Amino acid sequence: MKKIEVPPDHPRRESLEVRERVIEGHEKHIVATAGLLAHGRGEAFDYLIGEKTSEQARRAARAAVAAILSADNPVVSVNGNACALVANDLVSLSKATGAPLEINLFYYAREREDAVLKSLRRAGAERILGTHDRPSTTIPELSSNRRKVDTEGIARADVVLVPLEDGDRTEALRALGKFVIAIDLNPMSRTATHADITIVDNIVRVLPLMNGLAQEMKDQPREELKRMASEFDNRANLSESIRLIMAHLESEASRHISLHENTVEGLATS
Ligand code: PTJ
């Protein structure tokens, strides 16, 4: 299918361009068909949070970077959507923090694994875990394809970053004693509620932010970073993230009332 050119002055240009990246990823087998639906859901939640990174999400991102930098064996899990949207940023984060990338697909197909691998390599990744030729083990608590994990990656990780995830794995990883960081635009999802730290933001905004934070924080004492991560209160974070959605909706509702009043006033005076 021919890629559409989004007009530079289109009011929704950024969102449409991101959508095009997902469609292109689907055509290259990087993104699962269900990944298109997942993206649509993400777009809807992005609208609800005002399509910008909140201070709360920044705090969560800072705690998340602290957890990754201070971990013994951190791993960044990569699925189709994350790869299509932020392959370069994932590679940068992996290099900045020493956390290897591990391909872990819910809708596994060999051609998808190959497509994600190719895309990560093209983005500059040197060490990629989770491929079919690597030693693997299974997470007994999980029945989905995600149960197969790399022996040198998620299997022995203490901290796992799971961007844009389906529900059950976060619970299983927590049950295994791992510290889970999720990036999810939906603060009410099962992943969001079960993670240790949930960054409620769009992966396309938050990965560059995390890379900046990794550079800024990488020389901070390990104990200080560990404390930042462990003191993060995810219940309060999610509650505040939901409140931000409500506040945004309130201000949108008020804006529409005042637009309506101005129109009525304008009609009365014309
Ligand atoms: O590539 P695979 O086979 O591993 O499959 C990946 C998907 C995403 C299809 C799979 O994990 C899945 O079905 O996920 P869900 O259950 O649809 O959940 C995806 C979550 O990510 C939802 O809560 C969305 O709101 C959220 N989301 C979607 N796009 C973004 C996002 N969160 C952050 N940034 C986004 N751009």
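Values in this document were obtained by computation on a predicted structure and should not be read as measured data.

Q: Break down the site of the ligand for me, citing the residues and quoting the values.
A: Around the ligand, the surrounding shell holds 24 residues, and the nearest of these are Gly80, Phe106, Tyr107, Arg112 and Asn202. One of the backbone nitrogen or oxygen atoms of Gly80 is found 2.8 Å away from an oxygen atom of the ligand. Interatomic distance of 3.1 Å between a backbone N/O atom of Glu165 and an oxygen atom of the ligand. With the chains in place, 94% of the 750 Å² that the ligand exposes on its own is no longer accessible. The pocket occupied by the ligand, as judged from atoms lying within 2 Å of grid points, is the largest pocket. Put simply, the parts of the chain that give the shell around the ligand at least two residues each are helix H2 (33-48) and helix H4 (80-97).

Q: Quick one: what's the story with the side chain of Asn104, residue by residue and with numbers?
A: Structurally, Asn104 can be placed in the loop between strand E2 (101-103) and helix H5 (110-122). Side chain to side chain, Asn104 and Arg169 meet in a polar contact 3.3 Å long. Among residues more than four places away in sequence, those in contact with Asn104 are Ser77, Val78, Asn79, Arg146, Lys148, Val149, Ile154 and Arg169.

Q: So what about the pattern of salt bridges? Which residues, and what values?
A: With the rule as written, the count across this model stands at 18 salt bridges. Close ionic contact of Arg110 with Asp114 constitutes a salt bridge, the shortest N to O distance being 3.2 Å. One end of the pair, Arg110, and the other, Asp114, are both in helix H5, 4 residues apart, so they sit about a helical turn from each other. Take Asp114: its relative accessible area is 32%, and that puts it in the partly exposed class.

Q: Break down the layout of surface pockets for me, with residues and values.
A: Each pocket or cavity is described by its volume, and for the largest pocket that value is around 980 Å³. Residue lining of the largest pocket: 44 residues in total, with Ala38, His39, Gly42, Asn81 and Leu164 positioned closest to the centre. The set of elements that each furnish at least two residues to the lining of the largest pocket consists of helix H1 (13-27), H2, H4, helix H7 (190-194) and helix H8 (203-217). The biggest single contributor to the lining of the largest pocket is H2, with 10 residues.

Q: I'd like to hear about the packing of aromatic side chains, residue by residue, with values.
A: Counted according to the given criterion, the structure contains 1 aromatic pair. Between Phe106 and Tyr107 the ring centres are 4.8 Å apart and the planes differ by 75 degrees, which places this aromatic pair in the edge-to-face class.

Q: Summarise the side chain of Thr198; cite the residues concerned and give the values.
A: Assignment of secondary structure puts Thr198 in strand E8 (residues 197-199). For Thr198, the side chain forms a polar contact with the main-chain oxygen of Ala192, separated by 2.7 Å. One polar contact links Thr198 to Asn234, side chain to side chain, over a distance of 3.0 Å. Setting aside its immediate chain neighbours within four residues, Thr198 contacts Ala60, Ala182, Thr191, Ala192, Asn234, Asn237 and Leu238.

Q: Can you lay out the pairing of strand E7 (residues 179-183) for me, pointing to particular residues and giving the numbers?
A: If a strand is regular, its side chains alternate between the two faces of the sheet. The buried fraction of E7 is high, at 4 of 5 residues. When strand E6 (residues 159-163) meets E7, the two strands line up parallel, connected through 5 bridges. Residue pairing in the sheet places Leu161 in a bridge with Ile181 of E7. Considered for its hand, the β-α-β crossover made up of E6, helix H6 (residues 168-175) and E7 is right-handed. Pairing of E7 with E8, which is carried by 3 bridges, proceeds in the parallel orientation. What sits directly across from Ile181, in E8, is Ile197.

Scoring rules and cut-offs
Residues numbered from 1 in each chain as written. Predicted model: local features only at pLDDT ≥ 70, side-chain atom pairs only at ≥ 80, totals over all residues. Heavy atoms only, no water. Near = heavy atom within 4 Å. Polar contact = N/O pair within 3.5 Å; in protein donor to acceptor, adjacent residues only side chain to side chain. Areas by Shrake-Rupley, 256 points an atom, 1.4 Å probe, with all protein chains shown as cover. 1 Å grid on protein atoms, 1.4 Å probe; cavity = no way out; pocket = protein on both sides within 12 Å on 5 of 7 lines; lining within 4 Å. Sits in = over half its atoms within 2 Å of the grid points. Helix = DSSP H or I, 4+ residues; strand = E, 2+ residues; numbered from the N terminus. Contact = heavy atoms within 4.5 Å. Salt bridge = Lys/Arg side-chain N within 4 Å of Asp/Glu carboxyl O. Buried < 20%, exposed > 50% of the residue type's maximum accessible area, 1.4 Å probe, protein only. Points joined across faces, edges and corners; volume = space filled by probe spheres on them. Phe/Tyr/Trp six-rings, centres within 6.5 Å; stacked < 30°, edge-to-face > 60°. Pairing = 2+ DSSP bridges. Right-handed = clockwise from strand over helix to strand, strands pointing away.

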